[in-house]
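What the coordinates show
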Amino acid sequence: DIILPLAFKRIFEQTLAPRLPPAVRAEMLAAGYDRKAKRVPRHASIFYACAEIARKHLYPDLPPREGFRTMARDSAFAGKYDIAARTFTHPLCRFLGPTVLVRDYVSIIQQVRPTIEMAILDGKGPPFRLRVRCVYSNAGMMAGGLEGLLQVRARVKTATVAIENEHEMGYDLVVNW
């Protein structure tokens, strides 16, 4: 299960690296993340090992799921003006509405993570139910990232993403506003 370089660059280099001391970045290198190998797809286990290292440093007082969720939401907020964040969603989504962003999110996640299965089960929402199936996936990060993008890019301040039906092969995200 691989994750394409864009996700690593967006989260670890552009958003989190400025907030992490060199010792933490060295720990991420030991876990398998080499910033110099820019265009190399990496295994999802490396991505999540590095996310765990960053979470422990940035959000040590939060339970793991909430720390991951907050980290992903903060990543969306930190990148609201950068080019990478704008390519993650339709350029007119704030005018076209959050429904377009939810559909784009599913498409982009599948491009960044080719082995993930994500589908909108109820496309008439809100609420929308997204089914996520993948061995390596972090429900907290996925929910926080989508919630942050809805709040920042679609400007839906009341957006929430709940995690339901979680098991070892996946979970559902219930998106509402």
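Please refer to the structure placed before this passage.
Attention here is on the structure that accompanies the text. (Residues numbered from 1 in each chain as written. Predicted model: local features only at pLDDT ≥ 70, side-chain atom pairs only at ≥ 80, totals over all residues. Heavy atoms only, no water.)

**With respect to the overall build of the protein**
When its secondary structure is counted, the protein shows eight helices and six strands. Residue burial in the protein is summarised as follows: out of 177 residues, 49% are buried. Across the protein, every contact between residues at least 6 apart in sequence was considered, and the portion connecting residues at least 24 apart equals 64%. (Helix = DSSP H or I, 4+ residues; strand = E, 2+ residues; numbered from the N terminus. Buried < 20%, exposed > 50% of the residue type's maximum accessible area, 1.4 Å probe, protein only. Contact = heavy atoms within 4.5 Å.)

**Thoughts on the packing of helix α2 (residues 22–30) against helix α3 (residues 44–58)**
Packing of α2 against α3 leaves a shortest axis separation of 9 Å and a crossing angle of 160°. Between α2 and α3, the angle falls in the class roughly antiparallel. Our pair here, α2 against α3, has a crossing hand that is right-handed. For the pair α2 and α3, contact is made by V24, E27 and M28 and by C50, I53 and H57, respectively. Taken together, the residues that form the contact of α2 with α3 break down as four nonpolar, one polar and one charged. (Axes fitted to C-alpha atoms, helices over the stretch in contact; angles between N-to-C directions. Parallel < 35°, antiparallel > 145°, perpendicular 65-115°, else oblique. Left-handed = near helix turned anticlockwise from the far one by under 90°. Nonpolar A, V, L, I, M, F, W, Y, C, P; charged D, E, K, R; others polar.)

**Here's the deal with the packing of helix α7 (residues 98–112) against helix α8 (residues 139–152)**
Where α7 contacts α8, the axes come no closer than 10 Å and their chain directions differ by 140°. When the interaxial angle is binned, α7 and α8 end up oblique. Considering how the two elements wind past one another, α7 and α8 form a crossing that is right-handed. Residues P98, L101, V102, Y105 and I109 of α7 lie in contact with α8, whose contacting residues are M142, G145, L146, L149 and L150.

**A closer look at α8**
Because an α-helix packs 3.6 residues into every turn, residues spaced three or four apart end up facing the same way. For α8, built from 14 residues, the straight-helix expectation of 20 Å at 1.5 Å per residue is met to within 8% by its first-to-last C-alpha distance of 20 Å. Taking burial as the measure, the 14 residues of α8 include 14 buried ones, the bulk of the element. At the N-terminal end of α8, a side-chain oxygen is found 3.0 Å from the backbone nitrogen of G140, two or three residues along, and the residue is N138. (Expected span 1.5 Å × (residues − 1). Polar contact = N/O pair within 3.5 Å; in protein donor to acceptor, adjacent residues only side chain to side chain.)

**Regarding the pairing of strand β4 (residues 128–133)**
Of the two faces of β4, only one is covered, namely that formed by F128, L130 and V132; the face formed by R129, R131 and R133 stays uncovered. Where strand β3 (residues 117–120) and β4 come together, four bridges link them in antiparallel fashion. Within the sheet, the bridge partner assigned to A119 lies in β4 and is R131. The sheet contact formed by β4 and strand β6 (residues 170–176) spans six bridges and is antiparallel. (Pairing = 2+ DSSP bridges.)

**Some remarks on the sheet that holds β6**
Taken together, four strands build an open sheet; the order of strands is β3-β4-β6-β5 and the sheet is antiparallel. Of all the strands in the sheet, the pair left with one neighbour each is β3 and β5 (160–167). Adjacent strand axes in the sheet meet at a mean angle of 20°, parallel and antiparallel pairs treated alike. Contacting β3, β4 and β6, α7 runs over the sheet at an angle of about 165° to β3.

Geometric values such as these leave the question of function open.
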